[in-house]
Every structure is written in C-alpha cells, then in structure tokens.
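# What the coordinates show
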Amino acid sequence: MTAAERPAPDSAPWQPAPEAREPAPPDPAQAAPEAREPAAPGPLGVARTPTGDAGVDALLARLADADRLPADAHPQVYEDVHQGLRETLAALDARPGPVPVSREPSPSPSYDLRS
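Below or above, wherever it landed, is the structure these notes cover. (Residues numbered from 1 in each chain as written. Predicted model: local features only at pLDDT ≥ 70, side-chain atom pairs only at ≥ 80, totals over all residues. Heavy atoms only, no water.)

Turning next to the pattern of salt bridges. Applying the stated criterion across every chain, the model contains 3 salt bridges. Between Arg62 and Asp65 there is a salt bridge whose closest N-O contact spans 2.7 Å. Arg68 is the partner of Asp65 in a salt bridge, and the nearest nitrogen-oxygen pair spans 2.9 Å. Connected via shared salt-bridge partners are Arg62, Asp65, Arg68 and Asp80. (Salt bridge = Lys/Arg side-chain N within 4 Å of Asp/Glu carboxyl O.)

This paragraph deals with the side chain of Asp67. In this structure, Asp67 sits in the loop between α1 (54-62) and α2 (74-94). This buried residue, Asp67, is left without a salt bridge; Arg48 holds the nearest opposite charge, at 4.1 Å. Ignoring anything within four residues of it in the chain, the contact list for Asp67 reads Pro41, Gly42, Pro43, Leu44 and Arg48. (Helix = DSSP H or I, 4+ residues; strand = E, 2+ residues; numbered from the N terminus. Buried < 20%, exposed > 50% of the residue type's maximum accessible area, 1.4 Å probe, protein only. Lys, Arg positive; Asp, Glu negative; His and termini not counted. Contact = heavy atoms within 4.5 Å.)

What follows covers α2. Look at α2: 30 Å from first C-alpha to last across 21 residues, which is about the 30 Å you get at 1.5 Å a residue. Every buried residue of α2 is accounted for by His74, Val77, Val81 and Gly84. Down the axis of α2, the sector holding all buried residues measures 105 degrees, keeping them to one side. With respect to the buried face of α2, the exposed residues turned more than 90 degrees away are Glu79, Arg86, Asp93 and Ala94. Buried residues in α2 make contact with α1. (Expected span 1.5 Å × (residues − 1). Arc of directions from axis to C-beta.)

Quick look at the structure:
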C-alpha cells in the first residue's frame with residue numbers, strides 16, 4: 001500500500017452526507033397558516049416620552065390601544081395616529097408666524113398740504 005492509498009491518521013470517521021441523514025422535525029413557524037393560532041394581545045412595553053404638545057401626546061397615547069388589540073387591528077390604529085400626526089404638522093405650516101419687525105426706519109408721511 002502506498003502513502004497516497006493510506007488514510008490520514010487524524011482524519012474524521014466517515015459520516016453520511018447531510019441529504020442522507022434523517023430529516024429534521026418540522027418547524028412549527030413554517031406550518032400552514034390555518035394550523036397556527038395567533039398570539040394573544042399583550043403590551044409591548046415601549047416607553048412613551050411626553051412631547052409637551054397635548055395633541056401629539058394624545059395621539060401617541062392612542063398607540064397603547066394596539067397593546068390590547070389583535071395584530072390584524074394594529075394597522076388601523078397606526079394609520080389613525082399617522083394621519084393625526086400629519087394633520088398636526090400641516091397645522092404648524094398653516095399658522096401665521098409673528099410679524100417680522102423691520103430694523104429700517106419707516107418713511108415719514110408727506111405733510112405737503114398745499115391748496
């Protein structure tokens with residue numbers, strides 16, 4: 001027997017290819033949708049920091065409604081809050097700002113009262 005024909009002394013024992021091994025048990029997460037039950041609603045535990053704007057704070061507090069609703073009802077809550085925040089931002093653009101104060105002297109009225 002030549003050196004090329006001899007197995008290496010530190011080689012691992014033969015094992016079947018991964019395809020030939022027993023199949024792994026099925027993953028429950030990949031089961032058919034009708035076979036899985038949705039998880040019960042529960043709080044996400046996300047802290048809400050007050051913004052100082054009562055309208056925005058009320059909208060953000062509305063997000064807590066999603067904690068007790070099933071997942072398929074979450075988009076409606078998120079859309080309502082998003083629409084409210086958009087309207088709040090639009091209202092900021094529509095408010096008249098303070099009148100700028102001119103630093104230049106205004107022209108004096110003409111007192112030319114000739115008859």
